Amino acid sequence: MSEYINMYYDIFTSKYLPKIVIAGILLLIGYFTAKIFKKIISKHLSKTNPIAQNFVSNVVFFVIFIPFIAISATKIGMNTSSIAAIVGSAGIAIGLAFQPSLSNISSGLMIVLFRPFKINDYVEADGIAGNVRQIGLFSTSLLKADNTIIIIPNSRVMSAKIINFSDQKIRRVDIDISIEYQEDIKRVKAVVMDILLNDNRILNYPSPSIVISELKDYGFILSIRPWTSYLTYWDLLYDLQEEIKMVFAKNNIKIARALQIMQNNKETSNSSSNCDNL
């Protein structure tokens, strides 16, 4: 029994062990070479094209490492044609099993090529708004205003509507207010324009506009349209709404409410009905 063990041990150590060692060394060389190139590419892209940094660096890693795996397999005695057949069969099986993942990868490539947004842009993708934190091989991460991270598959990002709020350096603030009909239109517009002209966050060009955009049953809609930097958009929007409300109250300018009109109509209808009964 010991003779057979010694015989197989001698065969393994003389014939197979050197090949396994060489294959292992090649795998280590391939792995660390791929890691080094991934790090170099990632560092370069972080300065030139941050949007492609994570995606391209991962692709480079696998492109370099996979040939080393194939070479290592041949070193331990695997036939290249057998490897090709196995890889082909595995490729079909993997392609069917991981079709959604492959869809995410191809969508990630489209994001890198067409650049609908970049890192730190404030976007709305798949109905979710937030700052872009990472564009990965399979998914894109958004940081929401409440400091939560949302991870969206790349395929859903590219198949849905994308709104990039940071692409343009200036944005228009849209505020619509309903005003009662008895108010003097010129006076109301003058009061609002005075607020806009005294806020240094509002741009002179394009100039702010104040128009009556719609006539409702309960009043007219005053549309206020100042322009500002995309960096100050949200602060200006909230501050203007608060200041307009305070100035309107100070100047006794009444905001129309549809609920009041509906209630008045209901009361009028009830009064008419009571008169008919009499």
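Structure: above.
What you see is a predicted model, and the numbers here were worked out from it, not measured in a lab.

Chemist: Teacher, can you tell me more about the overall build of the chain here?
Modeler: Within the chain one finds 8 helices and 10 strands. For the chain, with 278 residues in total, the buried portion stands at 28%. Only carbon and sulfur atoms are counted for the fraction: they give 60% of the accessible area of the chain, which is about 18,100 Å².

Chemist: I tried to follow the nonpolar core on my own but got confused; where do I start?
Modeler: Nonpolar side chains in soluble globular proteins tend to be buried together. Ranked by size, the top nonpolar core spans 22 residues in total, and within it Ile179, Ile224 and Phe248 carry the most contacts. Elements with a contribution of two residues or more to this core: strand S7 (175-179), helix H6 (185-197), strand S9 (220-225) and helix H7 (233-250). If one sorts the elements of this core by residue count, H7 sits on top with 7 residues. Apart from the residues within four sequence positions on either side, Phe248 is in contact with Ile177, Ile179, Val188, Val191, Val192, Ile253 and Ile255. With 9 residues, the next largest nonpolar core counts Ile111, Val132, Ile152 and Val157 among its residues.

Chemist: Any chance you could explain the packing of aromatic side chains here in plain terms?
Modeler: Each aromatic ring pair is specified by the distance between its two centres and by the angle formed by the two planes. Summed over the entire model, instances satisfying the criterion amount to 10 aromatic pairs. Between Phe61 and Phe62, the aromatic rings sit 5.3 Å apart at their centres with planes inclined by 85°, giving edge-to-face as the arrangement. The exposure class assigned to Phe61 is buried, which follows from its relative accessible area of 11%. Under the relative-accessibility criterion, Phe62 is labelled partly exposed at 43%. Between the aromatic rings of Tyr181 and Phe220, the centroid separation amounts to 6.2 Å while the plane-to-plane angle is 55°, which identifies the pairing as tilted. Here Phe220 lies in strand S9 and Tyr181 lies in the loop between S7 and H6, a separation of 39 residues in the sequence. Among the aromatic residues, those joined into a ring-pair cluster are Tyr31, Phe32, Phe61, Phe62 and Phe65. Across from the ring centre of Phe61, 5.8 Å away, lies the NZ or CZ of Lys38, which sits over that ring. The ring centre of Tyr233 lies 3.6 Å from the NZ or CZ of Arg171, which sits over that ring.

Chemist: I'm lost on the sheet that holds strand S8 (residues 209-215) in this one. Help?
Modeler: Within a sheet, each strand pairs with its neighbour through backbone hydrogen bonds, oriented either parallel or antiparallel. Taken in spatial order, the 3 strands of this open sheet run S7-S9-S8, and their pairing is antiparallel. Here the strands that pair on one side only, and so sit at the sheet edges, are S7 and S8. Between one strand axis and the next, the sheet turns by 30° as a mean value, whatever way the strands run. Inspection of the sheet shows S8 paired to S9 by 6 bridges, in the antiparallel sense. Residue pairing for S9: Val211 is matched across the bridge by Ser223. Where H6 meets the sheet, its contacts fall on S7, S8 and S9, and the angle it forms with S9 comes to roughly 25°. Against the sheet, H7 engages S7 and S9, with an angle of about 20° to S7.

Chemist: What should I look at first to understand the sheet that holds strand S2 (residues 128-135) in this one?
Modeler: Pairing in this open sheet of 5 strands is antiparallel, and the strands run S4-S3-S2-S1-S5 from one edge to the other. This sheet does not close on itself; its edge strands, each paired only once, are strand S4 (149-153) and strand S5 (162-164). Each strand of the sheet is rotated relative to its neighbour by a mean of 40°, with strand direction disregarded. Sheet topology places strand S3 (residues 139-143) next to S4; 5 bridges connect them, and they run antiparallel. When the bridges of S4 are listed, Leu143 appears paired with Ile149.

Chemist: For this particular structure, what's the right way to read the pattern of salt bridges?
Modeler: Proximity of charged atoms lets side chains of opposite charge pair with each other. This model, assessed by the stated rule, comprises 9 salt bridges. Note that Arg225 and Asp176 form a salt bridge whose closest N and O atoms lie 3.0 Å from each other. Taken as a pair, Arg225 in strand S9 and Asp176 in strand S7 lie far apart in primary sequence, 49 residues in all. For the salt bridge of Asp239 with Arg201, the shortest nitrogen-to-oxygen distance reads 2.8 Å.

Chemist: Is there a simple way to explain the pairing of S9 in this structure?
Modeler: Remark: a regular strand shows side chains that alternate across the two faces of the sheet. Burial within S9 is extensive, with 6 of its 6 residues counted as buried. Residues Phe220, Leu222 and Ile224 point to one face of S9 and Ile221, Ser223 and Arg225 to the other, with burial holding for every one of them. Sheet analysis places S7 next to S9, joined by 5 bridges and oriented antiparallel. The residue bridging Ile177 from the neighbouring strand is Leu222, located in S9. Where S8 folds back on S9, the antiparallel hairpin that results is connected by 4 residues.

Each value, and the rule that gives it
- Residues numbered from 1 in each chain as written.
- Predicted model: local features only at pLDDT ≥ 70, side-chain atom pairs only at ≥ 80, totals over all residues.
- Heavy atoms only, no water.
- Helix = DSSP H or I, 4+ residues; strand = E, 2+ residues; numbered from the N terminus.
- Buried < 20%, exposed > 50% of the residue type's maximum accessible area, 1.4 Å probe, protein only.
- Areas by Shrake-Rupley, 256 points an atom, 1.4 Å probe, with all protein chains shown as cover.
- Core = buried A, V, L, I, M, F, W, Y, C linked by side-chain atoms within 4.5 Å.
- Contact = heavy atoms within 4.5 Å.
- Phe/Tyr/Trp six-rings, centres within 6.5 Å; stacked < 30°, edge-to-face > 60°.
- Lys NZ or Arg CZ within 6 Å of the ring centre and 35° of its normal.
- Pairing = 2+ DSSP bridges.
- Axes fitted to C-alpha atoms, helices over the stretch in contact; angles between N-to-C directions.
- Salt bridge = Lys/Arg side-chain N within 4 Å of Asp/Glu carboxyl O.

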